[in-house]
Amino acid sequence: MLRLEKRPNPSVFWLWATPVLAVALTMVVGGLLFAALGSNPVTVIRTIFWDPLFGANAGYFRAQLLIKAAPLILIAIGLAMGFRAGIWNIGAEGQYIIGAVVGASVGLAVYPTENRLIFPAMVLAGAFGGWAWAMIPAILKTRFNTNEILVSLMLVYVAEAILAKAALGFLRNPEGMGFPGSRNFSSYPAARNFDLIERTGLHWGGVTALAVAVAAYVLLTRHGIGFQIRLAGQAPRAARFHGVSPTRLVVFCLGLTGALAGMAGLFEATGPGGQITENFASGYGFTAIIVAFLGRLNPLGIVLAGFMMALTYVGGSLAESTMNLPAASIQVFQGMLLFFLLGVDVLTNYRVRRPSGAAKGAEA
Amino acid sequence: MIANSDVSFTIAPGEIHALLGENGAGKSTLVKMIYGLVRPDQGRMFLHGEPYLPAKPAEARRLGVAMVFQHFSLFEALSVAENVALGMENPPKLRDLAARIRAVSAEYGLPLDPGRRVGDLSAGERQRVEIVRCLLQDPNLLIMDEPTSVLTPQEVEILFHTLRKLAQQGTAILYISHKLEEIRALCDTATILRRGRVVATCTPRERSAREMAELMVGASLSAPERTSAPRGEVALAVTDLSLASPIPFGTPLRGVSFTLSEGEVLGVAGVAGNGQDELLLALSGELRSPAGAIRLMGRPVGALGPQARRAAGLVAAPEDRYGHAAAPDMSLIENAYLTAGVRMGLTRRGFIDWPKTRAFTEAVIRDYDVRTPGPDVAARALSGGNLQKFLMGRELDQGAKVIVINQPTWGVDAAAAGAIRQKILDCAARGAAVLVISQDLDELLEIADSFTVLNEGRLSAPRPVRGLQRDEIGLMMGGAHGMEEATIAT
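Procedures and definitions
Residues numbered from 1 in each chain as written. Chains lettered and ligands numbered in written order. Predicted model: local features only at pLDDT ≥ 70, side-chain atom pairs only at ≥ 80, totals over all residues. Heavy atoms only, no water. UniProt positions renumbered as here; feature names shortened; annotations may be inferred. Phe/Tyr/Trp six-rings, centres within 6.5 Å; stacked < 30°, edge-to-face > 60°. Helix = DSSP H or I, 4+ residues; strand = E, 2+ residues; numbered from the N terminus. Buried < 20%, exposed > 50% of the residue type's maximum accessible area, 1.4 Å probe, protein only. Salt bridge = Lys/Arg side-chain N within 4 Å of Asp/Glu carboxyl O. Patch = residues over 30% accessible without salt bridge, like charges linked within 9 Å, V, L, I, M, F, W, Y side chains within 5 Å. Areas by Shrake-Rupley, 256 points an atom, 1.4 Å probe, with all protein chains shown as cover. Domains from an automatic or database assignment. Pairing = 2+ DSSP bridges. pLDDT = per-residue confidence, 0-100. Contact = heavy atoms within 4.5 Å. Buried area = accessible area lost by both parts, 1.4 Å probe. Polar contact = N/O pair within 3.5 Å; in protein donor to acceptor, adjacent residues only side chain to side chain. Axes fitted to C-alpha atoms, helices over the stretch in contact; angles between N-to-C directions.

The name an unreviewed UniProt entry assigns to chain B is Galactose/methyl galactoside import ATP-binding protein MglA, from the organism Pseudogemmobacter humi.

For chain A, the name recorded in an unreviewed UniProt entry is Branched-chain amino acid transport system / permease component, with Pseudogemmobacter humi as its organism. Here chain A is described in UniProt, under the heading Subcellular location (unreviewed entry), as follows: "Cell membrane".

Chemist: I would appreciate a short explanation of the packing of aromatic side chains in the present structure.
Modeler: Aromatic rings in a pair are described by how distant their centres are and how their planes are angled relative to each other. All names here are of chain B. Tallied over the entire structure, the rule returns 19 aromatic pairs over all chains. Relative to W354, the ring of Y337 lies with its centre 5.9 Å away and its plane at 55°, an arrangement referred to as tilted. Within this pair, whereas Y337 is found in helix α11 (residues 332-340), its partner W354 is found in helix α12 (residues 354-367), the two being separated by 17 residues in sequence. Residue classification places Y337 among the buried residues on the basis of a relative accessible area of 5%.

Chemist: How do you make sense of the pattern of salt bridges when you look at a structure like this?
Modeler: Close approach of charged atoms lets side chains of opposite charge pair. Residue and element names in this part refer to chain B. One pass over the structure, following the stated rule, counts 20 salt bridges over all chains. The residue E76 makes a salt bridge to R126 at a minimum N-O spacing of 2.6 Å. Highlighted residues: E76 in the loop between β4 (65-68) and α3 (80-86) and R126 in helix α5 (residues 123-135), separated in sequence by 50 residues. Residue E76 is classed as partly exposed on the basis of its relative accessible area of 25%. Linking E125 and R116 is a salt bridge whose minimum nitrogen-to-oxygen distance equals 3.7 Å. Residue R116 is classed as partly exposed on the basis of its relative accessible area of 26%. Here the salt bridges do not stand alone but share partners, grouping R358, E362 and D376 into one network.

Chemist: What is the right way to look at a nonpolar patch on the surface in this model?
Modeler: A grouping of A:F194, A:L196, A:I197, A:W204 and A:V207 is seen on the molecular surface, where their side chains present a nonpolar patch of about 410 Å² in accessible area. Tracing the chain through its elements places A:I197 in the loop between α7 (148-168) and α8 (204-222).

Chemist: Just checking my understanding: could you explain the domain arrangement of chain B for this structure?
Modeler: Interface size is commonly expressed as the accessible surface area that is lost when the partners come together. Domain boundaries assigned for chain B yield domain 1 (16-217) and domain 2 (234-489). A C-alpha centroid distance of 29 Å is found between domain 1 of chain B and domain 2 of chain B.

Chemist: Explain the pairing of strand β7 (residues 189-194) of chain B here, please?
Modeler: On any regular strand, side chains alternate: one points to one face of the sheet, the next to the other face. Counting buried positions along β7(B) gives five out of six residues, so the element sits mostly inside the fold. Where β7(B) hands over to strand β8 (residues 197-202) of chain B, the hairpin turn is made up of two residues, of which B:R195 adopts a positive phi near 45°.

Chemist: Teacher, can you tell me more about the confidence of the model for chain A here?
Modeler: Low-pLDDT portions of the prediction should not be read for the details of their coordinates. Residue and element names in this part refer to chain A. Looking at chain A as a whole, the pLDDT averages 88, with 97% of positions reaching at least 70. Highest mean pLDDT in chain A belongs to helix α6 (residues 118-144) (96); lowest belongs to helix α16 (residues 355-363) (44). Residue range residues 357-364 is modelled with pLDDT below 50. Its contacts to residues more than four positions away, or to other chains, number five contacts.

Chemist: Would you mind going over the interface of chain A and chain B with me for this structure?
Modeler: Contact residues are listed per partner, giving 26 residues for chain A and 37 residues for chain B. Taking both partners together, chain A and chain B bury about 2500 Å²; carbon and sulfur atoms supply 56% of that area. Counting across the interface, chain A meets chain B through two salt bridges. Between A:R237 and B:D320 there is a salt bridge, with the nearest N and O atoms lying 2.5 Å from each other. Counting every contact that joins chain A to chain B gives ten residue pairs in polar contact (both at pLDDT 80 or more). Sorting the residues of the side of chain A that touches chain B by element identifies β1 (3-6), α8, α9 (224-234), α10 (236-242) and α16 of chain A as the ones contributing at least two each.

Chemist: Help me out: how do you make sense of the sheet that holds strand β1 (residues 16-21) of chain B in this one?
Modeler: Strand pairing in a sheet takes place through backbone hydrogen bonds and is either antiparallel or parallel in direction. Residue and element names in this part refer to chain B. Pairing in this open sheet of six strands is mixed, and the strands run β4-β5-β6-β1-β7-β8 from one edge to the other. Looking along the sheet, the strands with just one partner apiece sit at the ends: β4 and β8. This sheet shows a mean twist of 20° between the axes of neighbouring strands, independent of strand direction. Pairing analysis gives four bridges linking β1 to strand β6 (residues 172-176), with the strands arranged parallel. From the neighbouring strand, A18 faces β6, where its bridge partner is Y175. Strand contacts of helix α1 (residues 27-34): β1, β4, β5 (141-145), β6 and β7, with the helix running at about 140° to β1, the strand carrying the most contacts. Contacting β4 and β5, α5 crosses the sheet at an angle of about 175° to β4.

If you want it as structure tokens, here you go:
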């Protein structure tokens, strides 16, 4: 039987080796899964992990990677701050939707005015929308001690209902001949989140994500608030002794995640998405939870993890279309990644010992 | 790290054998091996002449080895009998078990009602639950890890009576403590460990406490020196402080009032669980009170949080090192910033000055002889005593006007405890007002100028230590139990 022994110091090696090991295990077990579905596992894994980067049409797929990674990174960084502090916002998807709806509303309200300030105002409105949506669980938690996991998660479904209302009702394109969905921002230059460099997929969302990653890293490692976040998550009583106000921390972390998720939603709606539609929500808010953990809740790790996850999206849909794999198998694949990551994470703080081996050593 | 190296000792049936040593000397590792929690890398153990190498505690218990831990593992919401049943492999029916608990507790003079809820018991009574739990297994060898640290002098007497009776019936007892006078009163033999090795075996009755302490430390000891500073102005005034406890099964503070002057050391005695933790929380700022209930140099601070109080000149050191005073998984540098950030100017415009924090951490490590590979290791990697030295240094080195400490030397070896007490006195000599909450009476009598007792959340009027008799103190503390029963009856 194996035995786990707590390490005196967390292992730095395993801190960074576990994501790699988790990816490797996902490839192996995922390969078995695809083999059971009747596909050649090596080809599937190559299609998912290799072709989007270096295969045919890689230029197009690389741009897709950036487009998918940007919102994931933006949301995951906010989530990671909360998770570090022990505040479990599971409803980033809802904050993402509301941010997109509120931000888009601002732009559509002034259509077709052309002004340079419209897009920045929409970004701010998007951030505000996400922030306000996140304040609901924050206030309920600090006032009535409700569980933020449940409240934020349930608010996702409320947000989806509002999104449907927006796409079919108050944001519907008046010139859309009755079709659901808002005006398309690609034909509204002042409100459009265009590629900063043509055909690279790099829009304002990608730039913001990278800037936020650096800022979050500095905040966590050098700033007093970052210290409070880490302390509250690791030792809540020591945090109170230090002088952390739990209420302020909850409001800060949930608000930050909400604002970042809202911004991600707005960038998506005005850029790659193009418009507010009923099925605008694509699960970025949930996938970002995996990204946050895959990146070790570390902002720089999250940047890498965001690209990794984007790869499974892009490669996954490539595998879906070229190899006729069911869409669900890709989701299983992503789920596996989180499962293995959390599973092997134990190696960071524990080492595996075989007691029988130790006993033999004692006899020698 | 090698915790134990070539340790040999024997213990005979009916013998009470003391295991003495500094913190980190390897006492805990040694008894963990005997109890099957840790495997030795080398060497052999024999129980009744048979080779003995338990793979897990259950096996050790089956072979007649029982252990009472320093920290109890009891469920407060469950009854005594339920708690005992939880620790057994095949528990009998609760009613039969209750009868056996009554029989055993009567036989050994350990009054215990199996039906009471553990949350309502005093620390001494909780320890009895643990002891009775062990006695139900008819052990041949009973290991006791620092059993008297939570007991009143009267409760210690009851415990010693029980242990002597057990020894007469042939049970071997391995007794770990660093209260040397107790060991002299109770134990037949003592094995002294230093840095994992046996340095001496002696008969405690024939040695003085000082001699044994010196064997433990490997150096000669000096008693703390006091230079009594002139009393200055009132630094801390607490007036009629009443607060509900935030801790489940905690004790509320009831009308606590006292004043503390510059240069004074006020000792607060009392059995654990009588409001000590709550008093510390109220003074550190973790629990808020009406502003005027706590005044620091005349300024009302009751409504301020911990950081604002530190800035105003009040620092506090809680008892629990792992998780309260320190974040176990954070480095010593980060733990230094935890409380010293405000007073030592370690923050600039919200950003932490890590180089300056490192310098402060290194200074504390040096001044307090903290044994650590460096300031970057996690706090949990340090032994209890070393971490305590670090945490004491962190508070005492901030030049604060008022210093509040709960259990300054809990679980710390004699040499380190002496050093910590000396530093506390040094702080008082430079004019700091110090409040020391402790369950170690000897400690309080050694360093305090005035003395008071916390009973059921009420603080007695402070009295000068000079001229105070030990029996009086015992009665003051023991009074808690009389009152406790009275409150339950109403």
